[in-house]
Amino acid sequence: MSLTVIRGGLVITAAEETPADVLIDGGRVAALAAHGSEIASGWSGSADRVIDATGKYVIPGGVDTHTHMELPFGGTFASDTFETGTRAAAWGGTTTIVDFAVQTAGNSLRAGLDAWHAKADGACAVDYAFHMIMSDVNEDTLKEMDGLVDEGVTSFKLFMAYPGVFYSDDGRILRAMQRSAGNGGLIMMHAENGIAIDVLVEQALAEGRTDPRHHGEVRHALLEAEATHRAIQLARVAGAPLYVVHVSAREAVAELAQARDLGLNVFGETCPQYLFLSADNLAEPGFEGAKYVCSTPLRPREHQEFLWRGLRTNDLQVVSTDHCPFCFTGQKELGRGDFSKIPNGLPGVEDRMDLLHQAVVEGRISRRRWIEIACATPARMFGLYPRKGTIAPGADADIVIYNPDAGHVISAETHHMNVDYSAYEGRTVTGRVETVLSRGELVIDDRSYVGRAGHGRYTPRGTCQYLI
Ligand code: URP
Ligand code: ZN
Ligand code: ZN
Ligand code: ZN
């Protein structure tokens, strides 16, 4: 195994910022030493590769714990494969994804997990792990949960939305939570009252309100808050921890904050689209709004401040992407004349680290908080820490050299995601990923892709490391 030294950079973790050289041996971080120290100087002589990071940040690779490569949805498939999606992730400084394997109703969790392994094995540029979407909570699948936790699939997504597809009623949710209370699994909740939403969808369509912007209106913020509240109470009754995914409404953040003030193991994730985009995008003229259709939906702009505040107060702990791209041409277009047929989801796996760094530039969060919400806490929440999410002796050498001064413009012309538009088209951000290592191997070398499909390994996870 070769020795690599990353010299001259500012190492930033969730805990500290240290001007240090980083020594990598055998795919892992071996040591850190002060710039110019005798130890650090000694390394450079014996290293096979020296990377100069002077004036740059040296940060842990991003950990994106919410992606949907090749997800079947609404009669089509998310347009990024594991190959294209993990390559784009690497370009954006993300070196671990946790994707959602899907159990389809009538089939076992095992069958769903096997299918996702088959899609991902040999395809990924960076490391990956799986959560399990449970579409059918029953005696068999409840038992299966225990085995999955033991083999490293330690989190289970349930849906209070999408009746007839992924939806679970409260009884099923309670049962799954009770099971997870016993086996150490973490329930991830899509918290929207799908039964009520479907009534509003039907009414909107019957009244001719068919444009994309109505997607946001019928998926009312109060129906996200109500479901969030209900999920929290069910988790309390079950004695189980709860992680609420893609939180977008201020009223839902308030529910989380209230639960956390009681000292409950209740956690929340938001995504860049809710922090940087709004219902104004859904209302863009023509059918452009379809590009921004996801669930939970983009909210009126005034919600953003509450999400940022939640990130500062740690009422929200994680920013993941919910990367679920559908091309505008041929996929989003399926919903022309009926917003309910627009496949739900936005691309973003490549943009997350840059957008959150932009929040650092704008003074919304600190550099360490950037790393905490994008790397360290996602790793801890889903049992990957300290292998992933930090730079410390023994950790996987998943490292990004980040130039904090190089500005660039986000655009579909230059991004690497397999989707024909960018949700952030034309947005200028300050900062750019320059070099990316995954377990000590170069994936991006000074803005060139040098990785390969199959480098990325399946990474079984431990249980949640974030519990009170
Ligand atoms: O619109 C979204 N979020 N699509 C992906 C599926 C989900 O609910 O996370
Ligand atoms: Zn969801
Ligand atoms: Zn609080
Ligand atoms: Zn999702």
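Per an unreviewed UniProt entry, the chain goes by Dihydropyrimidinase and derives from Actinomadura vinacea. Looking at the chain in UniProt, the text filed under Sequence similarities (unreviewed entry) is "Belongs to the metallo-dependent hydrolases superfamily. Hydantoinase/dihydropyrimidinase family."

S.K.: So what's going on with the pattern of salt bridges? Residues and values would help.
M.R.: One pass over the structure, following the stated rule, counts 26 salt bridges. K291 serves as the salt-bridge partner of E288, at 2.8 Å between the closest nitrogen and oxygen. Overall, the relative accessible area of 29% leaves E288 in the partly exposed class. Here the residues in one salt-bridge network are R28, D127, R387, K388, D396, D398 and R439, joined through shared partners.

S.K.: An account of the environment of Q103 is needed here, citing residue identities and associated values.
M.R.: Position of Q103 relative to the elements: it lies in the loop between β10 (94–102) and α3 (109–120). Residue Q103 is classed as buried on the basis of its relative accessible area of 0%. When the C-alpha positions of Q103 and H190 are compared, they lie 15 Å apart, and in sequence the two are 87 residues distant. With near-sequence residues (within four places) excluded, Q103 lies in contact with S108, L109, M132, I133, M134, S135, D136 and T141. Among the polar contacts made by the side chain of Q103, one reaches the main-chain carbonyl oxygen of N107 at a distance of 2.7 Å. A distance of 3.0 Å separates the side chain of Q103 from the backbone nitrogen of D136, its partner in a polar contact.

S.K.: An account of unusual backbone geometry is needed here, citing residue identities and associated values.
M.R.: Look at the link from S295 to T296: it is a cis peptide, with omega at -5°. Structurally, the position occupied by T296 is in the loop between α11 (279–282) and α12 (304–313). Note that the residue after Y385, namely P386, is joined by a cis bond; omega there is 0°. Inspection of the secondary structure assignment puts P386 in the loop between α14 (367–381) and β17 (399–409). Phi is positive for H246, which is not a glycine, with a value near 30°.

S.K.: Please provide a residue-by-residue account of the UniProt feature "domain: Amidohydrolase-related" (unreviewed entry) in the chain, values included.
M.R.: Following the UniProt record, the feature "domain: Amidohydrolase-related" (unreviewed entry) maps to residues 57–443 here. End C-alpha to end C-alpha, residues 57–443 measures 17 Å, and it is 37% helix and 19% strand.

S.K.: I'd like a description of the environment of D140, backed by residues and values.
M.R.: Locating D140 in the fold gives a position in helix α4 (residues 139–150). According to the relative accessible area criterion, D140 is exposed, its value standing at 55%. In this structure, the C-alpha to C-alpha distance between D140 and S108, residues 32 residues apart in sequence, is 7.8 Å.

S.K.: Give me the site of ligand 1: which residues, what numbers.
M.R.: Around ligand 1 sit 13 residues in total, of which K157, H190, S295, D322 and N344 are the nearest. Taking H68, its side chain carries an N or O atom lying 3.2 Å from an oxygen atom of ligand 1. Here a nitrogen atom of ligand 1 sits 2.6 Å away from a polar atom, N or O, in the side chain of D322. Computed on the free molecule, ligand 1 has an accessible area of 270 Å², of which 99% lies beneath the protein chains in the complex.

S.K.: Please set out the sheet that holds β10 residue by residue, giving values where relevant.
M.R.: Spatially, the eight strands line up as an open sheet ordered β7-β10-β11-β12-β13-β14-β15-β16, and their pairing is parallel. Of all the strands in the sheet, just β7 (62–67) and β16 (318–319) have a single pairing partner and so form its edges. One ladder, built from two bridges, connects strand β11 (residues 127–133) with strand β12 (residues 155–159); its direction is parallel. Paired with I133 across the bridge in β12 is K157.

S.K.: Lay out the packing of aromatic side chains with the relevant residues and their values.
M.R.: One pass over the full model with this rule turns up 16 aromatic pairs. Centre to centre, the rings of F159 and Y162 are 5.7 Å apart; their planes meet at 50°, and the pair counts as tilted. Pair check on accessibility: F159 and Y162 agree, each one buried. Stacked on the ring of W116, the Lys or Arg K119 has its end atom at 4.0 Å from the ring centre. A cation over a ring is seen here: K157 above F100, with NZ or CZ 5.5 Å from the ring centre.

S.K.: Lay out the coordination of the zinc ion (ligand 2) in plain terms, naming residues and giving numbers.
M.R.: Taken together, the protein donors to the zinc ion (ligand 2) comprise K157 (NZ), H190 (ND1) and H246 (NE2), at separations of 2.0 to 2.1 Å. Each donor residue of the zinc ion (ligand 2) lies on one chain, and together they are spaced K-x32-H-x55-H. In this model, the zinc ion (ligand 2) sits 4.0 Å from the zinc ion (ligand 4). Of this pair, H190 sits in strand β13 (residues 186–190) while H246 sits in the loop between β14 (242–244) and α9 (250–261); the two residues are 56 residues apart in sequence, bridging distant segments of the chain. The buried category is assigned to H246, whose relative accessible area is 1%.

Calculation criteria
Residues numbered from 1 in each chain as written. Chains lettered and ligands numbered in written order. Predicted model: local features only at pLDDT ≥ 70, side-chain atom pairs only at ≥ 80, totals over all residues. Heavy atoms only, no water. UniProt positions renumbered as here; feature names shortened; annotations may be inferred. Salt bridge = Lys/Arg side-chain N within 4 Å of Asp/Glu carboxyl O. Buried < 20%, exposed > 50% of the residue type's maximum accessible area, 1.4 Å probe, protein only. Helix = DSSP H or I, 4+ residues; strand = E, 2+ residues; numbered from the N terminus. Contact = heavy atoms within 4.5 Å. Polar contact = N/O pair within 3.5 Å; in protein donor to acceptor, adjacent residues only side chain to side chain. Near = heavy atom within 4 Å. Areas by Shrake-Rupley, 256 points an atom, 1.4 Å probe, with all protein chains shown as cover. Pairing = 2+ DSSP bridges. Phe/Tyr/Trp six-rings, centres within 6.5 Å; stacked < 30°, edge-to-face > 60°. Lys NZ or Arg CZ within 6 Å of the ring centre and 35° of its normal. Donors = N, O, S within 2.8 Å, 3.2 Å for Na, K, Ca; no water.

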